[in-house]
Structures are given as structure tokens and as C-alpha cells.
Amino acid sequence: MGDEWQLSNDAYSNYFVDGTLLCTRWKNNGEGKEENREWWEIESIEDGVMKWSALRKNPDGTTYTATFQMVKVE
């Protein structure tokens with residue numbers, strides 16, 4: 001656990017990129033699991049770091065910008 005990746009046994013995991021748009025779709029294995037979908041904008045890929053952002057909606061209807069970044073592992 002911690003900082004190490006864990007093998008996932010998803011029912012399926014699909015994605016595609018169109019320009020800066022990243023679309024993902026996945027479903028975890030197990031009873032009652034639902035399909036998940038997310039859309040992100042790839043802001044940059046520089047010096048081994050990929051940054052994403054997306055507009056998200058709170059339960060009360062207000063919105064915020066979510067950000068995410070991944071670092072390339074050598």
C-alpha cells in the first residue's frame with residue numbers, strides 16, 4: 001500500500017484521449033458495483049508530470065475545479 005500501485009481486478013477499464021480531453025469509463029468487480037465515468041482536461045505533460053483538471057458539482061449544486069497530477073515512474 002502507501003506509495004505503491006496495487007493491481008486492480010476491474011470488470012473493465014476504458015479510456016480515450018481526443019486532443020486535451022481525457023475520457024475514462026470503468027467498473028469494479030463485485031456485486032452491486034456501478035459503472036463510473038469521468039472526463040478531464042489534460043492541462044500539461046512536462047518534465048515527467050501530467051496535470052489534469054475538471055469542473056465538478058457539489059451536492060448543493062455549486063461547482064469547483066478538481067485537479068490531479070501524476071508523476072512518471074522510471
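The shown structure was predicted, so the numbers you read here are calculated from the model rather than taken from an experiment.

Caption draft 1: Inspection of the overall build of the chain at higher detail. Each helix and strand counted, the chain has 0 helices and 5 strands in total. Element order for the chain, N to C, with α for helix and β for strand: β-β-β-β-β. A globule of 74 residues ought to have a C-alpha radius of gyration of about 11 Å, yet the chain, at 15 Å, is considerably larger. Overall, the C-alpha framework of the chain stretches about 40 × 40 × 30 Å when taken along its three principal axes. The buried share of the chain, taken over its 74 residues, is 14%.

Caption draft 2: Examining the sheet that holds strand 3 (residues 36–46) more closely. Ordered in space as 1-2-3-4-5, the 5 strands form an open sheet in which the pairing is antiparallel. Two strands in the sheet have a free side with no partner beyond their single neighbour: strand 1 (10–18) and strand 5 (63–71). Across the sheet, the mean angle from the axis of one strand to that of its neighbour is 25°, orientation sign disregarded. Bridging between strand 1 and strand 2 (residues 21–28) involves 8 bridges; their strand directions are antiparallel. Counted as the bridge partner of Tyr15 is Thr24 from strand 2.

Caption draft 3: Quick look at the pairing of strand 4 (residues 49–57). Note that strand 3 and strand 4 share 5 bridges and pair antiparallel. Counted as the bridge partner of Glu41 is Ser53 from strand 4. Hairpin remark: strand 3 followed by strand 4, antiparallel, with 2 residues in the connecting loop; positive phi at Asp47, about 50°. Taken together, strand 4 and the strand that follows it, strand 5, pair antiparallel across an intervening segment of 5 residues, in which Gly61 is found at a positive phi of about 95°.

Caption draft 4: Expanded view of the nonpolar core. If you look at the biggest cluster of nonpolar residues, it comprises 6 residues: Leu22, Trp40, Ile42, Trp52, Ala54 and Ala66. Among the elements of the structure, strand 3 and strand 4 are those that each provide at least two residues to this core.

Caption draft 5: Quick peek at the side chain of Thr24. Position of Thr24 relative to the elements: it lies in strand 2. Judged by its relative accessible area of 17%, Thr24 is buried.

What counts, and where the lines are drawn
Residues numbered from 1 in each chain as written. Predicted model: local features only at pLDDT ≥ 70, side-chain atom pairs only at ≥ 80, totals over all residues. Heavy atoms only, no water. Helix = DSSP H or I, 4+ residues; strand = E, 2+ residues; numbered from the N terminus. Rg over C-alpha atoms; globule rule 2.2 N^0.38 Å. Buried < 20%, exposed > 50% of the residue type's maximum accessible area, 1.4 Å probe, protein only. Pairing = 2+ DSSP bridges. Axes fitted to C-alpha atoms, helices over the stretch in contact; angles between N-to-C directions. Core = buried A, V, L, I, M, F, W, Y, C linked by side-chain atoms within 4.5 Å.

By themselves, these observations are geometric and do not establish any function.
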